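Working through the structure, step by step
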Amino acid sequence: MTTPPSTTATAPTATSDPPVRGWRRLLPQPTPASALPAPKPMPAWLAYTALVLAYTVTFGYSLTGIVAAYLSGGTAPVTHPPTAQNFWSQALPGWIQHAVLLLVVTAVVLLVAWRRRIRVHDLFAPAPPSAPTAESKQRARRQARTVFLWALAGMAAWMVASSVIGQLVPAGLAGGFAIENRSDAMWIVGLLGPTQFTTALIEEPVVVAVLVILLSAAYRPAAEIYTVGAIAKVAYHAYYGPVVLLLIPEALLVLWLYRRTGRLWAVICAHAAYNGAYSLLVIAWPPVAAYMG
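Residue indices begin from 1 for each chain and proceed along its sequence in written order. In keeping with the model being predicted, local features are shown solely for residues with a pLDDT of at least 70 and side-chain atom pairs are shown and tallied solely at 80 or more, while totals for entire chains, interfaces and linings include all residues. In computing side-chain properties, one takes all heavy atoms of the structure into account and sets aside hydrogens as well as water.

1. As for the overall build of the chain
As a reminder, the rule being used: A run of H or I in DSSP counts as a helix once it spans at least four residues, and a run of E counts as a strand once it spans at least two, with each numbered from the N terminus. Partly exposed residues are those whose accessible area sits between 20% and 50% of the maximum for their type, while under 20% is buried and over 50% is exposed, using a 1.4 Å probe and protein chains only. Note on definitions: a residue-residue contact is assigned when non-hydrogen atoms from the two residues lie within 4.5 Å. Only the protein chains shown count as cover for residues, with accessible areas throughout obtained via the Shrake-Rupley method and a probe of 1.4 Å.
A count of helices and strands for the chain gives 10 helices and two strands. Scanning the chain from its N terminus toward the C terminus, one meets helices and strands in the order α-β-α-α-α-β-α-α-α-α-α-α. Here the chain, with 293 residues, has 42% of them falling under the buried criterion. A separation threshold of at least 6 residues defines the contact pool for the chain, and within that pool the share at least 24 residues apart is 84%. Per element, the accessible surface of the chain, about 16,000 Å² overall, is 69% carbon and sulfur.

2. A few points about the packing of aromatic side chains
Definition in use: Pairing of aromatic side chains requires ring centres within 6.5 Å, counting the rings of Phe and Tyr and the six-membered ring of Trp. Pairs whose planes differ by under 30 degrees are stacked, by over 60 edge-to-face, and all others tilted. Here, a charge over a ring means that NZ of Lys or CZ of Arg falls within 6 Å of the ring centre while also lying within 35 degrees of the ring normal.
Applying the stated rule across the entire model yields nine aromatic pairs. Considering the side-chain rings of Trp-88 and Trp-95, the 5.8 Å spacing of their centres and the 85 degrees angle between planes classify their relative orientation as edge-to-face. Clustering of aromatic rings is evident, with ring pairs tying together Phe-87, Trp-88, Trp-95 and Trp-187. In this arrangement the basic side chain of Arg-115 is found over the ring face of Trp-114, its NZ or CZ atom lying 5.2 Å from the centre.

3. Section: the environment of Ile-248
Tracing the sequence through the fold places Ile-248 in helix H8 (residues 248-261). Ile-248 sits 16 residues away from Ala-232 along the chain, and the two C-alpha atoms are 10.0 Å apart. If we ignore the near neighbours within four places in the chain, the residues touching Ile-248 are Ala-230 and Val-234.

4. What about the packing of helix H4 (residues 134-168) against helix H9 (residues 264-284)?
Heads up, the condition is: In this analysis an axis means a line fitted to C-alpha atoms, helices contributing only their contacting stretch, and an angle means the value between N-to-C directions, from 0 to 180 degrees. Oblique is the label for any angle not under 35 degrees, not over 145, and not in the 65 to 115 range, which are roughly parallel, roughly antiparallel and roughly perpendicular in turn. Left-handed is the label given to a crossing in which the near helix is rotated counterclockwise from the far helix by less than a right angle, and right-handed is the label when the rotation is clockwise. Residue classes follow a fixed rule: Ala, Val, Leu, Ile, Met, Phe, Trp, Tyr, Cys and Pro count as nonpolar, while Asp, Glu, Lys and Arg count as charged, and any other residue, Gly among them, counts as polar.
Contact geometry for H4 and H9: axes closest at 8 Å, N-to-C directions at 40 degrees. One element, H4, and the other, H9, form an angle in the oblique class. Handedness of the crossing formed by H4 with H9: right-handed. Of the residues in H9, those touching H4 at Ala-144, Val-147, Phe-148, Ala-151, Leu-152, Met-155, Ala-156, Trp-158 and Met-159 are Ala-266, Val-267, Cys-269, Ala-270, His-271, Ala-273, Tyr-274, Tyr-278 and Leu-281. Its residues assigned to classes, the contact of H4 with H9 shows 17 nonpolar, one polar and no charged.

5. Examining a nonpolar patch on the surface
The following threshold applies: A patch consists of residues exposed above 30% relative accessible area that lack any salt bridge, with like charges linked at up to 9 Å and nonpolar side chains (Val, Leu, Ile, Met, Phe, Trp, Tyr) linked at up to 5 Å. When a carboxyl oxygen of Asp or Glu is within 4 Å of a side-chain nitrogen of Lys or Arg, the pair counts as a salt bridge.
Where nonpolar side chains cluster on the molecular surface, the patch consists of Trp-88, Leu-92, Ile-96 and Val-100 and spans about 400 Å² of accessible area. Its place among the elements puts Trp-88 in helix H2 (residues 87-115).

6. A few points about the packing of helix H7 (residues 222-235) against H8
Contact geometry for H7 and H8: axes closest at 9 Å, N-to-C directions at 130 degrees. Comparing their axes, H8 and H7 come out oblique. Handedness of the H7/H8 crossing: right-handed. Counting all contacts with H7, which are made through Ala-222, Ile-225, Tyr-226, Gly-229, Ala-230, Lys-233 and Val-234, the residues of H8 involved are Ile-248, Glu-250, Ala-251, Leu-252, Leu-255, Trp-256 and Arg-259. Class assignment of the residues belonging to the contact of H7 with H8 gives a composition of 10 nonpolar, one polar and three charged.

7. Digging into the environment of Val-254
Mapping Val-254 onto the fold places it in helix H8. For Val-254, a relative accessible area of 0% translates into the label buried. For the pair Val-254 and Leu-152, spaced 102 residues apart in sequence, the C-alpha separation works out to 9.6 Å. Every residue in contact with Val-254, bar those within four places of it in the chain, is listed here: Glu-204, Val-208 and Val-267.

8. Topic: the side chain of Gln-143
The cut-off we apply is this: For this analysis, a polar contact is any N or O atom pair within 3.5 Å, provided that within protein one partner can donate a hydrogen and the other can accept it, and provided that sequence-adjacent residues contribute only side-chain to side-chain pairs.
Along the polypeptide, Gln-143 turns up in helix H4. There is a polar contact of 2.9 Å between the side chain of Gln-143 and the side chain of Thr-31.

9. Re the nonpolar core
As a reminder, the rule being used: Nine residue types can take part in a nonpolar core, namely buried Ala, Val, Leu, Ile, Met, Phe, Trp, Tyr and Cys, and a core is a set of them joined through side-chain atoms within 4.5 Å.
Judged by nonpolar contacts, the single largest core of 64 residues is most densely connected at Leu-123, Leu-211 and Tyr-258. If one sorts the elements of this core by residue count, helix H6 (residues 195-217) sits on top with 13 residues.

10. Looking at the side chain of Arg-116
Here Arg-116 lies in the loop between H2 and helix H3 (120-124). Beyond its immediate stretch of four places on either side in the chain, Arg-116 contacts Ala-38, Pro-39, Lys-40, Pro-41, Met-42, Ile-213 and Ala-217.

11. Quick notes on the confidence of the model for the chain
Detailed reading of the predicted coordinates is not advisable wherever pLDDT falls low. Note the threshold: Confidence scores per residue from the predictor, reported as pLDDT, run from 0 to 100.
Predicted confidence across the chain gives a mean pLDDT of 87, with 86% of residues reaching 70 or more. Confidence, expressed as mean pLDDT per element, reaches its minimum in the chain at helix H10 (residues 287-290) with 60 and its maximum at H8 with 98. Here residues 1-16 is a poorly scored stretch, pLDDT under 50, and it has one contact once near neighbours within four places are set aside; other chains count.

12. Looking at a positive patch on the surface
In plain terms, the rule: His is not counted, nor are the chain ends, whereas Lys and Arg count as positive and Asp and Glu as negative. To locate a charge, take atom NZ for lysine, CZ for arginine, CG for aspartate or CD for glutamate.
Taken together, the side chains of Lys-137, Arg-141, Arg-142 and Arg-145 define a basic patch exposed on the protein surface. With respect to the helices and strands, Arg-141 occurs in helix H4.

13. A word on unusual backbone geometry
The phi dihedral of Arg-117 is positive, around 60 degrees, even though this residue is not glycine. As for its placement among the helices and strands, Arg-117 is situated in the loop between H2 and H3. Using a relative accessible area of 54% as the deciding quantity, one classes Arg-117 as exposed. The backbone of Tyr-219 sits at a positive phi, close to 55 degrees, despite the residue not being glycine. As for its placement among the helices and strands, Tyr-219 is situated in the loop between H6 and H7. Tyr-219 gets classed as exposed once you look at its relative accessible area, which sits at 62%.

Here is the structure:
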């Protein structure tokens, strides 16, 4: 007698993932909750107190300058290009300030990680699997690359939108850099120097990682985290004038990327790449600075 063929379906393996189809393939795949930081719970008042302190020690100096400029003259600070005679006297204070802020942010991150009982590494990237495979490593690289591209695209969109507003409504821009020609652009880029890249290491850990960790530890709703994060990022960019409101979508996007994947390093690299690309663009085409402030 012939044995009938088996009709039992083959069970999927434990490592197989459902295929991602359509436009969702463009999004970074979410990191499992077990691989994301699980901070020790804390009351909301303590979370906000810690957040305000971290924000103040990091951005207090910049906010004070912006507020003082608006109160005294009604305009935000404008950075003029240095000359060969005063370059170092103008550049070094800014570089030293960023070096100090890097130490401050490092202390803030270490303190938050210690008090919330999480590893410092987990604030910057999701925990790797206990037994990593070639497939898991490839998936992690793909996720990090996608986060980088989305964050970079959000920053580029902010630049384009600001440029358009600058052309249509010049009064919407205030402060920024006074650049009229390529020589001015090169002096300004030289003045900024390493701060073009250290800015990302100062801003993103505080207004993204620390903010999300503290408010998540207080069990604040997602809408509240996004609202506070957008306000936090817009505030210290207020020298751009009313056009700074166009920064809100980028701030929300970066917060969403971090909450979805836990990949802060990808966001930091995107911010540094954006700053470097913008500097090259300003040197190549100085008029763009007139529309960005």
